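Inside the fold
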Protein chains: 2
Amino acid sequence: MKSVRFSTRGRYGVQIMVDLARHSEEGPISLKSVADRQKLSEHYLEQLVPELRKAGLVKSIRGAQGGYVLAKKPEDIYIGDVIRVLEGPIAPVECNNQTGKDCCEKTSFCVTREVWVKVRDSINDLVDSISLADLIKDADNGEGEKVNLFEDEA
Amino acid sequence: MKSVRFSTRGRYGVQIMVDLARHSEEGPISLKSVADRQKLSEHYLEQLVPELRKAGLVKSIRGAQGGYVLAKKPEDIYIGDVIRVLEGPIAPVECNNQTGKDCCEKTSFCVTREVWVKVRDSINDLVDSISLADLIKDADNGEGEKVNLFEDEA
DNA sequence: ACAAATTCCGATTGGTTTAGTAGGATATAA
DNA sequence: TTATATCCTACTAAACCAATCGGAATTTGT
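A short tour of the structure in this document, coming up. Since we're looking at a predicted model, the values are computed, not measured. (Residues numbered from 1 in each chain as written. Chains lettered and ligands numbered in written order. Predicted model: local features only at pLDDT ≥ 70, side-chain atom pairs only at ≥ 80, totals over all residues. Heavy atoms only, no water.)

Inspection of every chain in the model, using the stated rule, returns four aromatic pairs over all chains. Ring centres of Phe-6 of chain A and Trp-116 of chain B lie 4.9 Å apart, and the angle between their planes is 50°; this geometry places the pair in the tilted category. Here Phe-6 of chain A, found in the segment before helix 1 (8–22), pairs with Trp-116 of chain B, found in helix 5 (residues 108–127), and the two come from separate chains. Take Phe-6 of chain A and Trp-116 of chain B: they sit in the same class, and that class is buried. Where Tyr-12 of chain A meets Tyr-44 of chain A, the ring centres are 5.7 Å apart and the plane angle is 85°; that geometry is what we call edge-to-face. Here Tyr-44 of chain A lies in helix 3 (residues 42–54) and Tyr-12 of chain A lies in helix 1, a separation of 32 residues in the sequence. The exposure class assigned to Tyr-44 of chain A is partly exposed, which follows from its relative accessible area of 26%. (Phe/Tyr/Trp six-rings, centres within 6.5 Å; stacked < 30°, edge-to-face > 60°. Helix = DSSP H or I, 4+ residues; strand = E, 2+ residues; numbered from the N terminus. Buried < 20%, exposed > 50% of the residue type's maximum accessible area, 1.4 Å probe, protein only.)

This next bit is on the protein's contact with DNA strand D. Tyr-12 and His-43 of chain A together with Leu-31, Ser-60 and Tyr-68 of chain B are the nearest of the 23 residues found near DNA strand D. If you look at DNA strand D and keep only atoms within 4 Å of the protein, 60% of those are sugar or phosphate atoms. A distance of 2.8 Å is found between a phosphate oxygen of DNA strand D and a side-chain nitrogen or oxygen belonging to Tyr-12 of chain A. At the level of secondary structure, the elements contributing two or more residues to the surface near DNA strand D comprise helix 1 and helix 3 of chain A together with helix 3 (42–54), strand 1 (58–61) and strand 2 (67–70) of chain B. (Near = heavy atom within 4 Å. Polar contact = N/O pair within 3.5 Å; in protein donor to acceptor, adjacent residues only side chain to side chain.)

Now for the environment of Gln-15 of chain A. Mapped onto the fold, Gln-15 of chain A is located in helix 1. Through-space distance from the C-alpha of Gln-15 of chain A to that of Ala-35 of chain A is 9.9 Å; in sequence the pair is 20 residues apart.

Turning our eyes to something else, we now look at the pairing of strand 1 (residues 58–61) of chain A. Residues and elements named next belong to chain A. The pairing of strand 1 with strand 2 (residues 67–70) spans four bridges and is antiparallel. Bridging from a neighbouring strand, Lys-59 pairs with Val-69 of strand 2. Linking strand 1 to strand 2, which pair antiparallel, is a turn of five residues; within it Gly-63 sits at a positive phi near 85°. (Pairing = 2+ DSSP bridges.)

Turning next to helix 3 of chain A. One full turn of an α-helix is made of 3.6 residues, so residues set three or four places apart face in the same direction. Residue and element names in this part refer to chain A. With 13 residues, helix 3 extends 19 Å between its outermost C-alpha atoms, agreeing within 8% with the 18 Å of an ideal straight helix rising 1.5 Å per residue. Listed in full, the buried residues belonging to helix 3 are Leu-45, Leu-48, Val-49, Pro-50 and Leu-52. Contacts made by the buried residues of helix 3 are with helix 1, helix 2 (31–38), strand 1, strand 2 and helix 4 (79–87). Directly beyond the C-terminal end of helix 3, a positive phi value near 80° is found at Gly-56. (Expected span 1.5 Å × (residues − 1). Contact = heavy atoms within 4.5 Å.)

As a further point, take the protein's contact with DNA strand C. Close to DNA strand C lie 25 residues, the nearest being Ser-60 and Tyr-68 of chain A together with Tyr-12, His-43 and Arg-62 of chain B. Among all atoms of DNA strand C positioned within 4 Å of the protein, those belonging to sugar or phosphate total 56%. In this structure, a base oxygen belonging to DNA strand C sits 3.0 Å away from a side-chain N or O atom of Arg-62 of chain A. Between Ser-41 of chain B and DNA strand C, the recorded distance is 2.9 Å, taken from a side-chain N or O atom to a phosphate oxygen. Contributions of two or more residues to the surface near DNA strand C are made by helix 3, strand 1 and strand 2 of chain A together with helix 1 (8–22) and helix 3 of chain B. A breakdown of the residues in the surface near DNA strand C according to their chemical character gives eight nonpolar, 13 polar and four charged. (Nonpolar A, V, L, I, M, F, W, Y, C, P; charged D, E, K, R; others polar.)

Attention now moves to the pattern of salt bridges. Taken as a whole and assessed by the stated rule, the structure comprises 16 salt bridges over all chains. Residue Asp-81 of chain B pairs with Arg-84 of chain B through a salt bridge whose shortest N-O separation is 3.3 Å. Of this pair, Asp-81 of chain B and Arg-84 of chain B both sit in helix 4 (residues 79–87), three residues apart, which is roughly one turn of the helix. The partly exposed category is assigned to Asp-81 of chain B, whose relative accessible area is 30%. For Arg-120 of chain B, the salt bridge is made with Asp-121 of chain B, and the minimal N-O distance between the two is 3.1 Å. What makes Arg-120 of chain B buried here is its relative accessible area of 9%. Residues joined by salt bridges that share partners form a network here, namely Asp-81, Arg-84 and Asp-128 of chain A. (Salt bridge = Lys/Arg side-chain N within 4 Å of Asp/Glu carboxyl O.)

Below, the discussion takes up helix 2 (residues 31–38) of chain B. All names here are of chain B. Those residues of helix 2 lying buried are Leu-31, Val-34, Ala-35 and Gln-38. Burial along helix 2 is one-sided: seen end-on, the buried residues are contained in an arc of 95°. Downstream of helix 2 by one or two residues, Lys-39 has phi in the positive range, about 60°. (Arc of directions from axis to C-beta.)

Right, here's the structure in full:
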């Protein structure tokens, strides 16, 4: 049981974009080559990339020798956009009552709301501060300081 | 489609704890009264609270006129603990390969990892900085500045 | 003209997770 | 001894996830 997870959509999305950024000099990149390099299902990626295209993050070239290219420079693409396109808005909880009125009176639910708002803002601020260029640069330099994703292995 | 969500477990858990904190002078608080005030299923809460007890966050008093009380002062209970007890560790992604070795070589997956690590740390730092006492105090003061949880309503 | 490569699109599926519900056993105050 | 509680183990309906399947449309190279 892990909480506050990104689904594969957002994770793969960022992988795809980084892969495209790294091969951006080579003309259109086929999903097949991305899938091979990243060890992902090409068919599943086919489901994701069109959404990135509709959002204006990549461009597609159809037909043989076609593929995808970034629609903007890597330094102008922030992973927050990639994630939100594929995963929807980052919203750690929903309001009970969509109107927002008549909710949050007296009950301690109202009190807890501010927590979720802060979490949401904190995540959004973070992912909106990291561009594809930042990620590529880190990879070339540090060679990935092997940080540990798991709490229990600290 | 909303991403990076807390489940009801963590959300209700924080609600319960805040409710207990607010009524901490009244002796043991029955889950029934919490459920009534918070408009939640008592039976569902019954599933959550024992986990908080095992984690040492609340104490239970069985039998008639029994209920739950906080095990510590509200200023010593951080919502990060409540959330992690009920939702498990906050881990926005899993590693492909639990050992950590032989993963993250050359592929851009490695590069993206640092993103998830930062997200994880940022959330943990935040929830570990907010105590129950903080939440109650805010409720009494600001009366809840009506922040908006939804991105699209900004 | 044709074959291969490729994006594009919709439907289906198996598995997991979520958010409970059901039903009772145990403990205690009055 | 009854009403009020916690405690515990199953079960379940619905939603969601991560694909897979099958094929249509588009373009390049021969």
